[in-house]
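What follows is the residue order along each chain.
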Amino acid sequence: MRSEGDGPISGAGALLGILRDGQARTRAELVQLTGLARSTLAQRLDALVSQQWIVPTEEAVSSGGRPAVAFTFNRSARVVLAADLGATHARIAVTDLATEVLAERAAEMPIDRGPEPTLTWLQRTFEEMLAETGHSTAEVCGIGVGLPGPVEHGSGRPVNPPIMPGWDGFPVPEWLGGRMGVPVLADNDVNIMALGEHWAARPEADHLIFVKIGTGIGCGIISDRRLHRGAQGAAGDIGHIRVASALDTVCRCGNAGCLEAVAGGAAMAARLRAQGVEAADSRDVVRLVRGGNTQAVQLIRQAGREIGDVLASIVNFFNPSVIVIGGDLSEAGEQVLAGLREVIYSRSLPLATQHLTITASELGDRAGVIGAAVMVVDHVLSPGTVDRSVAPG
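Residues numbered from 1 in each chain as written. Predicted model: local features only at pLDDT ≥ 70, side-chain atom pairs only at ≥ 80, totals over all residues. Heavy atoms only, no water.

This part covers the sheet that holds strand β11 (residues 207-213). Sheet architecture is open: 5 strands sit in the order β13-β12-β11-β14-β15, paired in mixed fashion. Sheet topology places β13 (226-228) and β15 (357-360) at the edges, where each strand pairs with a single neighbour. For this sheet, the mean angle separating the axes of adjacent strands, direction not counted, is 25°. Bridge analysis of β11 against strand β14 (residues 322-326) gives 5 bridges, and the strand direction is parallel. Bridging from a neighbouring strand, Lys212 pairs with Gly326 of β14. With respect to the sheet, helix α6 (residues 189-200) is in contact with β11, β12 (217-223), β13 and β14, its orientation differing from that of β12 by roughly 45°. Where helix α10 (residues 294-318) meets the sheet, its contacts fall on β11, β12 and β14, and the angle it forms with β11 comes to roughly 165°. (Pairing = 2+ DSSP bridges. Helix = DSSP H or I, 4+ residues; strand = E, 2+ residues; numbered from the N terminus. Axes fitted to C-alpha atoms, helices over the stretch in contact; angles between N-to-C directions. Contact = heavy atoms within 4.5 Å.)

Shown next, in the form of structure tokens:
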């Protein structure tokens, strides 16, 4: 959004940024908004129309009462391929440029199969879904992939991911992009979930934390309406913060005392098995909680308290307006939220919690694929990228 005192918008990409809200605008309206000369504006519009980023309409009415040509964002100009790969299952989608889902699939896909088998399956499934929706790879502007482990933002490569054997340093963007012929962006799965939830459910929130509680635990941070990744992309890895209740428990990362080692879905399932209760993973924990199993209910409430204890420090430090809880264990609903709220509201400063909302994800399992699509669209339609893609004006 432009502020008073900004210079005139000069590039086609910045002009597209205005039209991305979907509202049709005439040349006269765009001249007033941008400060561009009519001739320059015409050149920018022609460049965007030539790439099909915008389309002309005749819905506007001029001051003389005659239909006037207006321009609007063409959300169907390209499609996006999005994948949210979890520890044990995957969700993938084809979306338009407004992130509306055109086709979607979910499948059991253990990430420990390794990168090449997993990405080969992903490539094949993407191609099948494109055919189903009547699109070709030529219409794909990019692919977004979320991975359940630390990802170096600049390269898109996983770095020492605890639950992803064989993935360390694997060139995901290059491998998949080379075979699909389109740009590929990869990020940590909880980062894309934060993007998706913020974009689709809470765009008004300036400061938001998305906490994924599944096999592992992590959080995505929205600061000033932008995703905060940190210097290398490791921001938000709260699952490996040391907690007093886990000092003697070895985590899958190799350290002892991690939050994930006592409050993650895999840890809770293991505890239930030790008590003679059949539970293979976090989804089984939720199933048992919904079925009223006492041991599972006690475990998930305590997990909420453990996670709440860590989040209370983050609330004091970051002062978010919203904490959104997602991941498999969020399906347990109030059983996990009650423990979180109990500790956060009692341990955080009154000013920090004065207007704090703690809620379950509205997008649920879709948060990741929507966020992966948002990541791609924001990259492809950034002013600099658009300026490079259009003919000189």
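Below, the discussion takes up helix α1 (residues 12-19). Within α1, 6 of the 8 residues are buried, leaving the element largely enclosed by the surrounding structure. Residues of α1 that are buried: Ala12, Gly13, Leu15, Leu16, Ile18 and Leu19. (Buried < 20%, exposed > 50% of the residue type's maximum accessible area, 1.4 Å probe, protein only.)

Orientation of helix α8 (residues 265-274) relative to α10, taken along the N-to-C sense of each, is 145°, at an axis distance of 11 Å. As α8 runs across α10, the sense of the crossing is right-handed. Note on element contacts: α10 touches α8 through Gln295, Ala296, Leu299, Ile300 and Ala303, opposite Met268, Arg271 and Leu272. In terms of residue class, the contact of α8 with α10 is made up of 6 nonpolar, 1 polar and 1 charged. (Left-handed = near helix turned anticlockwise from the far one by under 90°. Nonpolar A, V, L, I, M, F, W, Y, C, P; charged D, E, K, R; others polar.)

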